[in-house]
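Now for the letters of each chain:
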Amino acid sequence: MAFRGRDIGPRAASAVVLAPAAVAATWAGGVWFLALMLLACALLAVEWAMMSAPRAWRVVGVTIAVSLFAAVIAAHLSQMSLAFVLLVVGAGVSALFARRWGQEAIDGAYGVLYLGWPAVLLIWLRDMDSTTGLYWTVLVFAVAWAADILAYLVGSTVGGPKLWPRFSPNKTWSGFIGGLVAGMIAGGVMAAWLDMGHLTALWGAVLGLGAALATMAGDLWESALKRRFGVKDAGNLIPGHGGLLDRVDGLMFAVVVVAFGRLLVLMLERGV
């Protein structure tokens, strides 16, 4: 990956603006975290619609956003089964609207599931209880951000063979390995530093490695999606990063792995 020094300034400025807001809402939890998630869902729905259904992005975007809102609010109310049902129903409705307006039905349906599944799981993690939920949510952000940042820095500095040149020509194996190591360290440090029950530092590192691998996979998957839709970025909301989806693509996959890890720890704690 070639070093692009001109990107550092906009990336740093974006992080300074966005990170405190995300951290504050995550720390506060409750309705504040819900509000953050609803805002993110609205922006992501619009980005997905503009990327996948440019001729009918307003209709498709609103349909996807409403579907995501319903599922996220249900999850916040501890109705997880209902939340997943609403995602499936929303996917069907979005497919119908997309097809009605001359767009690919599969893209409308996939947009709801692609964006909604991690959003619901993130709400589930944060809303568990005030302390434990915060710790597990911090773990998700710490691992995903560490993996993403170190992958970029190592890949930019070291370079070397390309990871998947067909879909993401700038990503390298050196950045991929750097991201995995960073995620593993972040997971171990978070588990050792925070009281996370049965999650020891060793298993935190293992979970961090898995979540970092998911982060890299999410980034590559979004690159493949953008190539399919013929766009360079999902949007232009964040200077230096493109759209919001360009910023959270890895996080969306990482939260699935961490949520699975949290479920296993809950089973251990309850003697299941």
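What comes next concerns the included structure. Every value quoted in this text rests on a predicted model; they were computed, and no experiment measured them.

The rules behind these values
Residues numbered from 1 in each chain as written. Predicted model: local features only at pLDDT ≥ 70, side-chain atom pairs only at ≥ 80, totals over all residues. Heavy atoms only, no water. Helix = DSSP H or I, 4+ residues; strand = E, 2+ residues; numbered from the N terminus. Buried < 20%, exposed > 50% of the residue type's maximum accessible area, 1.4 Å probe, protein only. Contact = heavy atoms within 4.5 Å. Areas by Shrake-Rupley, 256 points an atom, 1.4 Å probe, with all protein chains shown as cover. Lys, Arg positive; Asp, Glu negative; His and termini not counted. Charge placed at Lys NZ, Arg CZ, Asp CG, Glu CD. Pairing = 2+ DSSP bridges. Expected span 1.5 Å × (residues − 1). Arc of directions from axis to C-beta. Axes fitted to C-alpha atoms, helices over the stretch in contact; angles between N-to-C directions. Parallel < 35°, antiparallel > 145°, perpendicular 65-115°, else oblique. Left-handed = near helix turned anticlockwise from the far one by under 90°. Nonpolar A, V, L, I, M, F, W, Y, C, P; charged D, E, K, R; others polar. Core = buried A, V, L, I, M, F, W, Y, C linked by side-chain atoms within 4.5 Å. Patch = residues over 30% accessible without salt bridge, like charges linked within 9 Å, V, L, I, M, F, W, Y side chains within 5 Å. Salt bridge = Lys/Arg side-chain N within 4 Å of Asp/Glu carboxyl O.

**Quick notes on the overall build of the protein**
Helix and strand counts for the protein come out as 9 helices and 2 strands. When the elements of the protein are put in sequence order from the N terminus, they spell out α-α-α-α-α-α-β-β-α-α-α. In terms of its C-alpha atoms, the protein occupies a principal-axis envelope of roughly 50 × 45 × 30 Å. The proportion of buried residues among the 272 residues of the protein is 49%. When contacts within the protein are restricted to residue pairs at least 6 apart in sequence, those whose partners lie at least 24 apart make up 71%. When the accessible surface of the protein is summed, it comes to about 13000 Å², and 72% of that surface belongs to carbon and sulfur atoms. Each charge class in the protein was averaged separately, 18 positive and 14 negative side chains, and the resulting centres sit 8 Å apart.

**Quick look at unusual backbone geometry**
Peptide bonds are, in most cases, trans, and in most cases residues other than glycine have a negative phi. The backbone phi angle of Ser78 is positive, close to 65 degrees, even though this residue is not glycine. Positionally, Ser78 belongs in the loop between α3 (57–76) and α4 (80–100).

**Structural notes on the side chain of Glu222**
Relative to the assigned elements, Glu222 resides in helix α8 (residues 201–229). The residues contacting Glu222, other than those within four sequence positions of it, are Tyr114, Ala234, Leu245, Asp246 and Asp249.

**Side note on the pairing of strand β2 (residues 168–172)**
When a strand is regular, its side chains alternate between the sheet's two faces. Both strand β1 (residues 162–164) and β2 contribute to a ladder of 2 bridges, which runs antiparallel. Across the sheet, the residue bridging to Trp164 is Ser168, located in β2. The turn joining β1 and β2, which pair antiparallel and follow one another in sequence, is formed by 3 residues.

**Observations regarding α4**
Between its first and last C-alpha atoms α4 spans 30 Å; for 21 residues at 1.5 Å apiece the expected length is 30 Å, and the two agree. Every buried residue of α4 is accounted for by Met80, Ala83, Leu87, Gly90, Ala91, Ser94, Ala95 and Ala98. All buried residues of α4 project into a common sector of 140 degrees when viewed along the axis, lining one side. Exposed side chains of α4 directed beyond 90 degrees from the buried face belong to Ser81, Val88, Leu96, Arg99 and Arg100. Summarising the contacts, the buried residues of α4 are in contact with α3 and α5 (105–126). Where α4 terminates, the next one or two residues include Gly102, which has phi positive at roughly 80 degrees.

**Observations regarding the packing of helix α6 (residues 132–158) against helix α9 (residues 244–269)**
The N-to-C vectors of α6 and α9 enclose an angle of 135 degrees; their axes lie 9 Å apart at closest approach. Overall, the two elements α6 and α9 adopt an arrangement that is oblique. The two elements α6 and α9 meet at a crossing, and its hand is right-handed. Taking contact as the criterion, the partners of Thr132, Trp136, Leu139, Val140, Phe141, Ala144 and Asp148 in α6 are, on α9, Arg247, Leu251, Ala254, Val255, Val258, Gly261, Arg262 and Val265. A per-class count over the contact of α6 with α9 returns 10 nonpolar, 2 polar and 3 charged.

**Quick look at the nonpolar core**
Counting residues in hydrophobic clusters, the biggest one holds 72 residues, and the most contacted among them are Trp48, Leu115, Trp136, Leu139 and Leu245. Counting only elements with at least two residues in this core, the list comes to α2 (30–52), α3, α4, α5, α6, α7 (173–193), α8 and α9. Contact partners of Leu115, with chain neighbours within four places excluded, come to Leu44, Ala45, Trp48, Ile64, Leu68, Leu245 and Met252.

**With respect to a nonpolar patch on the surface**
A contiguous nonpolar patch, built from Leu82, Val85, Val89, Val93, Leu96, Phe97 and Trp101 and spanning about 650 Å² of accessible area, is present on the exposed surface. In this fold, Trp101 is placed in the loop between α4 and α5. According to the relative accessible area criterion, Trp101 is partly exposed, its value standing at 46%.

Taken by themselves, the reported measurements are silent on function.
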